[in-house]
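# Structural characterization, general
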Amino acid sequence: SKQSLVKAREFEGNFTELQKYQLFFAEGIIYYFEKQYQDSLVSLEKAEKYLSPSMEPAEIGEFHLIKAMVYYFLDITTLSAVHAARAVENFKSLEPLNFLLARTELVQGMNYLDMSDYELAEEHLHRALSTCKKIENQSLLASTNLNLGLLYVTRGLPATAIRYLEDALEGKQERIELNIL
């Protein structure tokens with residue numbers, strides 16, 4: 001919580017580099033979930049100074065995923081794609097983190113869709129779809145199907161789009177239904 005961060009800042013002068021990373025990363029995540037993307041980016045930039053190759057791949061991947069999502073919501077698609085690619089590299093060998101891998105592939109597909117690179121968008125969205133099915137995450141599966149539907153509508157393939165949009169609705173995800181309307 002923000003209160004914990006305020007308390008932690010009192011001791012920041014005594015923090016190790018890892019603790020400084022954790023402080024700024026936590027701050028970036030809090031701002032992200034509050035949809036304060038610019039503030040989140042500032043905190044993540046501070047955290048990145050302390051990101052170390054000796055950290056666990058899961059930690060590094062999570063950092064790049066959050067940063068990719070912040071850039072995505074700030075409409076800085078190219079940098080979002082760069083960080084999503086870095087996250088994928090860190091997650092792809094860690095099977096217990098397949099949820100994060102699927103989420104990253106979904107973000108990457110959305111980036112390429114925004115950049116009108118439909119082939120790469122399709123490739124990443126289908127990877128996300130495959131992983132979602134493997135881990136049986138219905139919410140992420142519905143989001144991926146929705147984005148595949150959007151991709152095929154954009155490409156002028158309505159018959160293919162309908163299949164994915166129907167699959168997205170099949171999961172009865174209220175958030176997805178509202179996005180389609």
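Here the structure is shown first, and the text comes after it.
Described below are features of the structure shown in this document. (Residues numbered from 1 in each chain as written. Predicted model: local features only at pLDDT ≥ 70, side-chain atom pairs only at ≥ 80, totals over all residues. Heavy atoms only, no water.)

## Some words on the overall build of the protein
The secondary structure content of the protein amounts to 10 helices and zero strands. When the helices and strands of the protein are listed from N to C terminus, the series reads α-α-α-α-α-α-α-α-α-α. Seen along its three principal axes, the alpha-carbon backbone of the protein occupies a region of about 60 × 30 × 30 Å. Looking at the protein residue by residue over its 181 residues, the buried ones come to 43%. Partitioning the contacts of the protein with sequence separation of at least 6, the portion at a separation of at least 24 is 50%. If you sum the accessible surface of the protein, you get close to 10,000 Å²; carbon and sulfur atoms cover 52% of it. Of the side chains in the protein, 18 bear a positive and 26 a negative charge, and the two mean positions are spaced by 3 Å. (Helix = DSSP H or I, 4+ residues; strand = E, 2+ residues; numbered from the N terminus. Buried < 20%, exposed > 50% of the residue type's maximum accessible area, 1.4 Å probe, protein only. Contact = heavy atoms within 4.5 Å. Areas by Shrake-Rupley, 256 points an atom, 1.4 Å probe, with all protein chains shown as cover. Lys, Arg positive; Asp, Glu negative; His and termini not counted. Charge placed at Lys NZ, Arg CZ, Asp CG, Glu CD.)

## Some words on the nonpolar core
Within the largest apolar cluster, 25 residues are counted, with the highest numbers of intra-cluster contacts made by F25, L65, I66 and V70. Listing elements by their share of this core, those giving two or more residues are α2 (17-33), α3 (37-48), α4 (57-73), α5 (77-91) and α6 (98-114). Considering every element that reaches this core, the biggest residue donor is α4, with eight residues. In this structure F25 touches L44, A47, E62, F63 and I66, once residues within four positions along its chain are discounted. Membership of the second largest hydrophobic core comes to 19 residues, among which are A102, M110, Y112 and L113. (Core = buried A, V, L, I, M, F, W, Y, C linked by side-chain atoms within 4.5 Å.)

Shape is all these values report; function is a separate question.
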